[in-house]
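Here is how the chains run, residue by residue.
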Amino acid sequence: QVQLVESGGGLVQAGGSLRLSCAASGRTFTNYAMGWFRQAPGKEREFVATISRSGSTYYADSVKGRFTISRDNAKNTVYLQMNSLKPEDTAVYYCAAAPTYGSGTNQNEYHYWGQGTQVTVSS
């Protein structure tokens, strides 16, 4: 079992930045690929970014060049640095852990999920 707790969400103006954190506990953090997903009101949850156990990263086209995913294995934490935020980035952001690394974009690969943190970007 892996427990995930997100933090760092909030309200920010368009063009601003936020850094989300996801602290993991339970099983060995380095055994898991990690991902960030988001769900906007009235929309399905969508892939944002993923990082493999070895540190390879992949991003949704909508956030490429603006968001950066990273992990600190010593702290059992994954981060999502979000720059140049847009109103359309408003959503609840979830981190998730996958025991194996496939595409990294498919929600079904992820076995453990956090409770989510709200990000609101005002125009």
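In what follows, the accompanying structure is described. (Residues numbered from 1 in each chain as written. Predicted model: local features only at pLDDT ≥ 70, side-chain atom pairs only at ≥ 80, totals over all residues. Heavy atoms only, no water.)

### Points about the pairing of strand β11 (residues 117-122)
Stated precisely, the cut-off is as follows: The buried label goes to any residue with under 20% of its type's maximum accessible area, the exposed label to any with over 50%, and the partly exposed label to all in between, with areas taken from a 1.4 Å probe on protein chains only. Numbering of helices and strands runs from the N terminus; a helix is a DSSP stretch of H or I covering at least four residues, while a strand is a stretch of E covering at least two. In this description, strands pair whenever DSSP reports at least two bridges between them.
Residues of β11 alternate between two faces, with Thr 117, Val 119 and Val 121 buried on one and Gln 118, Thr 120 and Ser 122 left unburied on the opposite face. Pairing between strand β2 (residues 10-13) and β11: four bridges, direction parallel. Within β11, the position partnered with Gln 13 by the bridge is Ser 122. Bridging between strand β9 (residues 91-98) and β11 involves three bridges; their strand directions are antiparallel. By the bridge assignment, Val 92 is partnered in β11 with Gln 118.

### Topic: the side chain of Ser 52
Rules: By definition in these notes, contact holds between two residues if any of their heavy atoms fall within 4.5 Å.
Within the secondary structure, Ser 52 is located in the loop between β5 (46-51) and β6 (57-59). Not counting the four nearest positions on each side in its chain, Ser 52 is found in contact with Ala 33, Arg 71 and Tyr 101.

### Let's talk about the packing of aromatic side chains
Note the threshold: Think of it this way: a Phe, Tyr or Trp ring, Trp meaning its six-membered ring, pairs with another when their centres are within 6.5 Å, and the plane angle makes it stacked under 30 degrees, edge-to-face over 60, tilted otherwise. Only lysine NZ and arginine CZ atoms are considered, and such an atom sits over a ring when it is within 6 Å of the ring centre and within 35 degrees of the ring normal.
Tallied over the entire structure, the rule returns six aromatic pairs. Both rings, one in Phe 37 and one in Phe 47, keep their centres 5.8 Å apart while their planes meet at 70°; by these two values the pair is edge-to-face. Of the two residues, Phe 37 sits in strand β4 (residues 33-39) while Phe 47 sits in strand β5, which places them 10 residues apart along the sequence. Comparing Phe 37 with Phe 47, the two get one shared label, buried. Aromatic pair Phe 37 and Tyr 110: ring centres 5.1 Å apart, planes at 80°, arrangement edge-to-face. Of the two residues, Phe 37 sits in strand β4 while Tyr 110 sits in the loop between β9 and β10 (112-113), which places them 73 residues apart along the sequence. Taking relative accessible area as the criterion, Phe 37 reaches 0% and is therefore assigned buried. The structure contains a cluster of three or more aromatic residues connected by ring pairs, namely Phe 37, Phe 47, Tyr 58, Tyr 110 and Trp 113. Its guanidinium or amino end placed over the ring of Phe 29, Arg 71 lies 4.5 Å from that ring's centre, counting from NZ or CZ.

### A few points about the state of the cysteines
Our working rule: We call a pair of cysteine sulfur atoms a disulfide when they lie within 2.5 Å.
The final tally for this structure, using the stated rule, is one disulfide. Bridging Cys 22 to Cys 95, the disulfide has an S-S length of 1.9 Å. Sign of the S-S torsion, about 40° for the bond between Cys 22 and Cys 95, identifies this disulfide as right-handed. Placement of the pair is Cys 22 in strand β3 (residues 18-26) and Cys 95 in strand β9, with a sequence separation of 73 residues.

### Section: the environment of Tyr 101
Position of Tyr 101 among the secondary structure elements: in the loop between β9 and β10. Judged by relative accessible area, which is 32%, Tyr 101 ranks as partly exposed. Sequence separation between Tyr 101 and Ala 60 is 41 residues, and the spatial gap between their C-alpha atoms is 16 Å.

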